[in-house]
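Each chain is listed here by its residues.
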Amino acid sequence: MTAAESVRIAMFSTKSYEKPRFAALVPDNMSVTYQEARLTTKTTSLAVGHDVVCCFTHDQVDAQAIASLADAGIRLIALRSAGFNNVDLRAAENHGIPVVRVPAYSPFAVAEHAMALVLCLNRKIHKAHNRVRELNFSLEGLEGFDLHGKTFGIVGTGEIGEKMARIAHGFGCRVIAYSKEKSQELMKEGWVEYVDFDRVLRESDVLSLHVPLTPETDHLLDAQAFERIKPGAMLINTGRGALIDASALVTALKKGQIGSAGLDVYEEEEGVFFEDLSDKVLQDDVLARLLTFNNVLITSHQAFLTREALDNIASTTVDNIRAFFESGETRNAVTSDANMKQ
Ligand code: NAI
């Protein structure tokens, strides 16, 4: 990229909190068209006249969309997310369009949000808040439990799970974990016990999911897993929705196998989470059912949403794009042989 050349970026799914961050960072030889629309096969025409499409988690970068992007002359797909399960990487490779991402923007943001869900659910803060606003100062039904001394199970001790372990340890929990790769640091420190999947299910009072979505982890928690889980356990998911079979979760909640659930992600969240549907009719019956449980707390994929994470997303994305156009370097690239669906 020379000073004379300019790089034109079509940013999809842009939110108000992103625009000023990118505007402050893009150099003079880059221009950004901020689109609120999601990238789908129907909106690829918005990329015409640009060199880069910049996408987030709900943009549908499937084979058909990629073919249209290739026709439009798109040279780079720059994800503003760590996860890339919404991108057909093989199709991108077939069209010679590299895909780059932001591998870790703030593991603290996600782990802290997971703990916020635990605390809110356990001490019923959401109910208490509504109650006192109606001048109902009764404590009936607000009983929680001490986290201190409870067993906190973590599935996946990568960037986020490792932070989760430290937070749970800080609360005085016994921390157990099931993870494909073990954290060398946690192993050295010695206070996390690595166990198999069955034990993490059977022993955890609180179970928090931090694995990527892969063919292997798709519906990791299904009806069979719910049968093995410690009765009344609290389940937290800030990973990806499809780690849990949502219909099986509804059944497990009805039976009381699951005591409570804090969900930041949902398997059919696309087109629902991040959107204001307050004047619409919710079409998803499983989500509608989940919303009726008073022991289920749902947030709309907001675990990442901290100032620090948003700043990191913007700066890494701009750096990724700059590196590609200045030197051809595909920094933070993801390829289909990563064999991962995050
Ligand atoms: P990471 O790649 O650092 O860690 C993932 C861990 O899962 C690794 O320790 C790995 O060994 C383990 N793992 C992978 N497959 C496994 C399997 N089949 N069984 C057991 N363990 C397995 O990823 P990181 O950064 O900790 O993120 C985890 C996930 O969190 C992401 O993949 C993404 O889906 C989700 N996420 C959610 C966000 C939100 O806003 N709710 C924001 C960012 C990430």
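Nothing here was measured: the structure is a model prediction, and the numbers come from that model.

Caption draft 1: Inspection of helix H2 (residues 63-71) at higher detail. The complete set of buried residues in H2 reads Ala65, Ile66 and Leu69. What you see down the axis of H2 is that its buried residues fit within an arc of 100 degrees, all on one side. The outward face of H2, more than 90 degrees from its buried face, is lined by the exposed residues Gln64 and Asp71. One or two steps after H2, the chain reaches Gly73, where phi turns positive at roughly 85 degrees.

Caption draft 2: Representation of the sheet that holds strand S1 (residues 7-11) in the model. Read from one edge to the other, the open sheet built from five strands follows the order S2-S1-S3-S4-S5, with strand pairing classed as parallel. Lying at the two open borders of the sheet, with one neighbouring strand each, are strand S2 (30-34) and strand S5 (99-100). When S1 meets S2, the two strands line up parallel, connected through five bridges. Bridge assignment links Met11 to a residue of S2, and that residue is Tyr34. Set on the sheet, helix H12 (residues 307-327) makes contact with S1, S2, strand S3 (52-55), strand S4 (76-79) and S5; between it and S4 the angle comes to about 160 degrees.

Caption draft 3: Quick peek at the packing of aromatic side chains. Inspection of every chain in the model, using the stated rule, returns six aromatic pairs. Ring centres of Tyr178 and Phe197 lie 5.2 Å apart, and the angle between their planes is 45 degrees; on these two criteria the pair is classed as tilted. Of this pair, Tyr178 sits in strand S7 (residues 174-178) while Phe197 sits in helix H8 (residues 197-203), and the two are 19 residues apart along the sequence. Look at Phe197 and you get buried, because its relative accessible area is 15%. Chaining the aromatic ring pairs together yields one cluster made of Phe56, Tyr105, Phe274 and Phe304.

Caption draft 4: The arrangement of the side chain of Thr57 in detail. Along the chain, the position of Thr57 falls in the loop between S3 and H2. Contacts of Thr57, omitting those with residues within four sequence positions, involve Ser81, Asn86, Arg240, Phe274 and His301.

Caption draft 5: Here's a closer look at the environment of Asp218. Relative to the helices and strands, Asp218 resides in the loop between strand S9 (206-209) and helix H9 (223-228). Accessibility expressed as a relative area gives 34% for Asp218, which makes it partly exposed. Sequence separation between Asp218 and Leu243 is 25 residues, and the spatial gap between their C-alpha atoms is 5.0 Å.

Caption draft 6: Highlighting the domain arrangement of the protein chain. Here the domain parsing of the protein chain yields domain 1 (7-105 + 306-334) and domain 2 (107-298). Contacts between the two partners involve 11 residues from domain 1 and, on the opposite side, 10 residues from domain 2. The junction of domain 1 with domain 2 conceals about 950 Å² of combined surface from both sides, 57% of it contributed by carbon and sulfur atoms. Across the pair Glu270 and Arg38 runs a salt bridge, and its minimum N-O distance is 3.6 Å. Classifying every residue of the side of domain 1 that touches domain 2 by side-chain character gives three nonpolar, six polar and two charged.

Rules and cut-offs
Residues numbered from 1 in each chain as written. Predicted model: local features only at pLDDT ≥ 70, side-chain atom pairs only at ≥ 80, totals over all residues. Heavy atoms only, no water. Buried < 20%, exposed > 50% of the residue type's maximum accessible area, 1.4 Å probe, protein only. Helix = DSSP H or I, 4+ residues; strand = E, 2+ residues; numbered from the N terminus. Arc of directions from axis to C-beta. Pairing = 2+ DSSP bridges. Contact = heavy atoms within 4.5 Å. Axes fitted to C-alpha atoms, helices over the stretch in contact; angles between N-to-C directions. Phe/Tyr/Trp six-rings, centres within 6.5 Å; stacked < 30°, edge-to-face > 60°. Domains from an automatic or database assignment. Buried area = accessible area lost by both parts, 1.4 Å probe. Salt bridge = Lys/Arg side-chain N within 4 Å of Asp/Glu carboxyl O. Nonpolar A, V, L, I, M, F, W, Y, C, P; charged D, E, K, R; others polar.

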